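# Architecture at a glance
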Amino acid sequence: MQTKLTINGKSHNLNADTRTTLLDALRNHLGMTGTKKGCDHGQCGACTVIVNGRRINSCLTLACMHDGNEVTTIEGLGTVDDLSPLQRAFVAHDGFQCGYCTPGQICSATAMLEEIKAGWPSHVSADLNAEIALSDAEIAERMSGNLCRCAAYPNIVEAIRTVAQGGRT
Amino acid sequence: MRSFHYERAADTPDAVAACAAGATIIAGGTNLLDLMKREVVQPERLIDITRLDLRTIESAEGGLSIGALVSNSDLAAHRDVRRDWPVLAQALLSGASGQLRNKATTGGNLLQRTRCYYFQDSAMPCNKREPGSGCHALGGATRLHAILGGSDACIATHPSDMAVAMTMLDASLDIIGKDGASRRLRLRDFYRLPGDTPHIETVLQPGDLIAKVVLPPPAGGRQTYRKVRDRASYAFALVSVAARIELAEGRIADASLAFGGIAPRPWHDPAVDRLLVGEVPSAALFARVADVLLDGAAPQEGNAFKVPLLRRTLTATLNELCREIPQ
Ligand SMILES: Cc1cc2nc3c(=O)[nH]c(=O)nc-3n(C[C@H](O)[C@H](O)[C@H](O)COP(=O)(O)OP(=O)(O)OC[C@H]3O[C@@H](n4cnc5c(N)ncnc54)[C@H](O)[C@@H]3O)c2cc1C
Ligand code: FES
Ligand code: FES
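Chain B appears in an unreviewed UniProt entry as Xanthine dehydrogenase family protein subunit M from Pseudotabrizicola algicola.

The subject of this paragraph is the site of ligand 1. Residues and elements named next belong to chain B. Around ligand 1, the surrounding shell holds 37 residues, and the nearest of these are Ile25, Gly29, Thr30, Thr105 and Asp161. The backbone of Gly28 places a nitrogen or oxygen atom 2.8 Å from an oxygen atom of ligand 1. At a separation of 2.9 Å, a nitrogen atom of ligand 1 approaches a polar backbone atom of Ile210. With the chains in place, 94% of the 980 Å² that ligand 1 exposes on its own is no longer accessible. When residues of the shell around ligand 1 are traced back to their parent elements, those giving at least two are strand 2 (24-26), helix 7 (106-110) and strand 8 (209-215). Here the shell around ligand 1 is built from residues that sort into 17 nonpolar, 16 polar and 4 charged.

All right, on to the packing of aromatic side chains then. Residues and elements named next belong to chain B. The tally for this structure, following the rule as stated, stands at 2 aromatic pairs over all chains. Centre to centre, the rings of Tyr117 and Tyr118 are 6.3 Å apart; their planes meet at 70°, and the pair counts as edge-to-face. Look at Phe190 and Tyr191: their rings are 5.0 Å apart centre to centre, the planes differ by 75°, and that puts the pair in the edge-to-face class. Under the relative-accessibility criterion, Tyr191 is labelled buried at 5%.

So, on to the packing of helix 3 (residues 85-92) of chain A against helix 4 (residues 102-117) of chain A. Residue and element names in this part refer to chain A. Put simply, helix 3 and helix 4 touch, their axes get as near as 10 Å, and they point 130° apart. Between helix 3 and helix 4, the angle is such that the two are oblique. Once helix 3 is placed against helix 4, the crossing between them reads as right-handed. Every residue of helix 4 that contacts helix 3 at Leu86, Gln87 and Phe90 is listed here: Thr102, Gln105, Ile106, Ala109, Thr110 and Leu113. Taken together, the residues of the contact of helix 3 with helix 4 sort by class into 5 nonpolar, 4 polar and no charged.

The next point concerns the domain arrangement of chain B. For chain B, the assigned domains read domain 1 (5-48) and domain 2 (222-322). A C-alpha centroid distance of 36 Å is found between domain 1 of chain B and domain 2 of chain B.

All names here are of chain B. Pairing is parallel in the open sheet, where 3 strands are placed in the order 1-3-2. Among the strands making up the open sheet, the edge pair consists of strand 1 (5-8) and strand 2. Between one strand axis and the next, the sheet turns through 30° on average, direction left out of account. Lying over the sheet, helix 1 (residues 12-20) contacts strand 1, strand 2 and strand 3 (45-48), oriented at roughly 165° with respect to strand 3.

Looking now at the domain arrangement of chain A. Residue and element names in this part refer to chain A. Segmentation of chain A into domains returns domain 1 (2-77) and domain 2 (85-164). The centre of domain 1, based on its C-alpha atoms, is set 21 Å off from the matching centre of domain 2. Counting residues at the interface gives 18 residues for domain 1 and 17 residues for domain 2. Area buried by domain 1 at its contact with domain 2 is led by Arg55, Ile74 and Leu77, which between them contribute 42% of it. Put simply, domain 1 and domain 2 have 1 salt bridge between them. The salt bridge partner of Arg55 is Glu115, with a shortest N-O separation of 2.8 Å. In this structure, the connection of domain 1 to domain 2 is made through 7 residue pairs in polar contact (both at pLDDT 80 or more). Every element with two or more residues in the side of domain 1 that touches domain 2 is listed here: strand 3 (48-51), strand 4 (54-57) and helix 2 (74-77). Residue contributions to the side of domain 1 that touches domain 2 peak at 3 residues, all from strand 3.

At 3.6 residues per turn, the α-helix brings residues three or four places apart onto the same side. Residue and element names in this part refer to chain B. The complete set of buried residues in helix 1 reads Ala15, Val16, Ala18 and Cys19. End-on, the buried residues of helix 1 take up no more than an arc of 160°, which puts them together on one face. Elements in contact with the buried residues of helix 1: strand 2, strand 3, strand 6 (172-176) and strand 8. For helix 1, the N-terminal capping position is held by Asp11, with its side-chain oxygen 3.0 Å away from the main-chain nitrogen of Asp14. Positive backbone phi, at 100°, marks Gly22, one or two positions downstream of helix 1.

The rules behind these values
- Residues numbered from 1 in each chain as written.
- Chains lettered and ligands numbered in written order.
- Predicted model: local features only at pLDDT ≥ 70, side-chain atom pairs only at ≥ 80, totals over all residues.
- Heavy atoms only, no water.
- Near = heavy atom within 4 Å.
- Polar contact = N/O pair within 3.5 Å; in protein donor to acceptor, adjacent residues only side chain to side chain.
- Areas by Shrake-Rupley, 256 points an atom, 1.4 Å probe, with all protein chains shown as cover.
- Helix = DSSP H or I, 4+ residues; strand = E, 2+ residues; numbered from the N terminus.
- Nonpolar A, V, L, I, M, F, W, Y, C, P; charged D, E, K, R; others polar.
- Phe/Tyr/Trp six-rings, centres within 6.5 Å; stacked < 30°, edge-to-face > 60°.
- Buried < 20%, exposed > 50% of the residue type's maximum accessible area, 1.4 Å probe, protein only.
- Axes fitted to C-alpha atoms, helices over the stretch in contact; angles between N-to-C directions.
- Parallel < 35°, antiparallel > 145°, perpendicular 65-115°, else oblique.
- Left-handed = near helix turned anticlockwise from the far one by under 90°.
- Contact = heavy atoms within 4.5 Å.
- Domains from an automatic or database assignment.
- Pairing = 2+ DSSP bridges.
- Buried area = accessible area lost by both parts, 1.4 Å probe.
- Salt bridge = Lys/Arg side-chain N within 4 Å of Asp/Glu carboxyl O.
- Arc of directions from axis to C-beta.

Next up, the structure:
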């Protein structure tokens, strides 16, 4: 099946079996291995990418369903010489150990900060209609779809908080 | 995953025609693809409905009309939902994760399948997956299973949080049948109990497409969704309660309750609502309500904890909603 995808600003023509998930398309067909496969069932968040501005689990969606869509992966957020603010903060705050969950964490956090800007409440927001106070509990709840087997959670929260507060690292 | 034929519907008649010809609808795909990977379901033909014009949330009939493709995140973030149906926003926000809610759709959420371990494992017998093959949840691992409404054939629970809130709110569905005609159905009449046909989960007919969910006009009082689970986030409910209580002059003037995690469908018991109306809130009243709710409960060894847990969760929810609001 022919599928046109714009990935990190570059146009790609994918020709793959209809069964191909967006995750497998990225990793196996397009050679972009930054996005990781953990559980392959929506339970870990390692495969998180941003599609048309929203974070999703790329393991639970078919590549062919995204014909014409814009995909951003970890490779598109920054480069080794020019890290994104969140990438820099994860380094500065030791937001990882083995690093396997990190691309998913950073893609997820990038889109999550936009959700906060858009005023989306969360399960821990005391008032659904009030402005969001970005507590650590808010960050943890909003990032609960990204598991870290090394349990780097406290530093992940710290890295995200720093960027959310506009701090430079 | 087995191979399948994929097509994208251009408009609703297109989708209805494909459904009528036996195609399986794919919307967010977060449940269907999960089950296809496990070969729990093996559709030969998928119809992708995500490009249909069913993404609007609009005021209708004094209430709210929600397109079947509205994502769980957009619905939870919608101004009117947060203000007038907060129980629905809370239920949605307590489900799954930020990533999943971005993909999960209103229609798909209602039709997501049970998280029963035996249903999800195609190597195990399961009356829901393979009618007549048996149920290994009975006498097996039942932490997520039903204490009410189950049968000798199946004790699987319906996993949706959103559907519990919508059941409490008495939402309706607009369904398009394979002849193209639309009909309306109350959500409270939508899910079937397993009996000896646990593979038939709803009253939908082959080829039906859910087009919309319609919420009735906002009702008075206070409402909330309380969910108890094994970890603080990103886990299905062990027990949940959606409740609305309206107080007048120290008495309960109106009440509506629905429960999740305890039954094969979002559980609504009209006797529970009736018992509360006209009464002065008290611990004794709440205990009586729990007795009525749990009358006929048939827990297994592995989920007997849900009986006291439901009692306490119900009491805590009613206490919260009946508490005097400081002026
Ligand atoms: C790890 C994980 C954790 C989760 N946690 C929770 C949780 O805590 N609480 C909760 O409530 N849910 C939870 N979910 C489930 C999630 O909410 C559902 O997967 C999602 O809502 C399904 O919506 P979808 O659009 O992706 O459905 P799909 O997977 O696209 O479809 C599901 C079913 O609905 C049918 N269908 C879809 N749309 C229509 C329509 N318009 N008309 C007719 N049939 C239709 C499909 O044919 C299919 O059978 C979790 C899921 C995962 C993977
Ligand atoms: S690989 Fe997609 S959520 Fe785990
Ligand atoms: S850093 Fe190892 S899994 Fe998160």
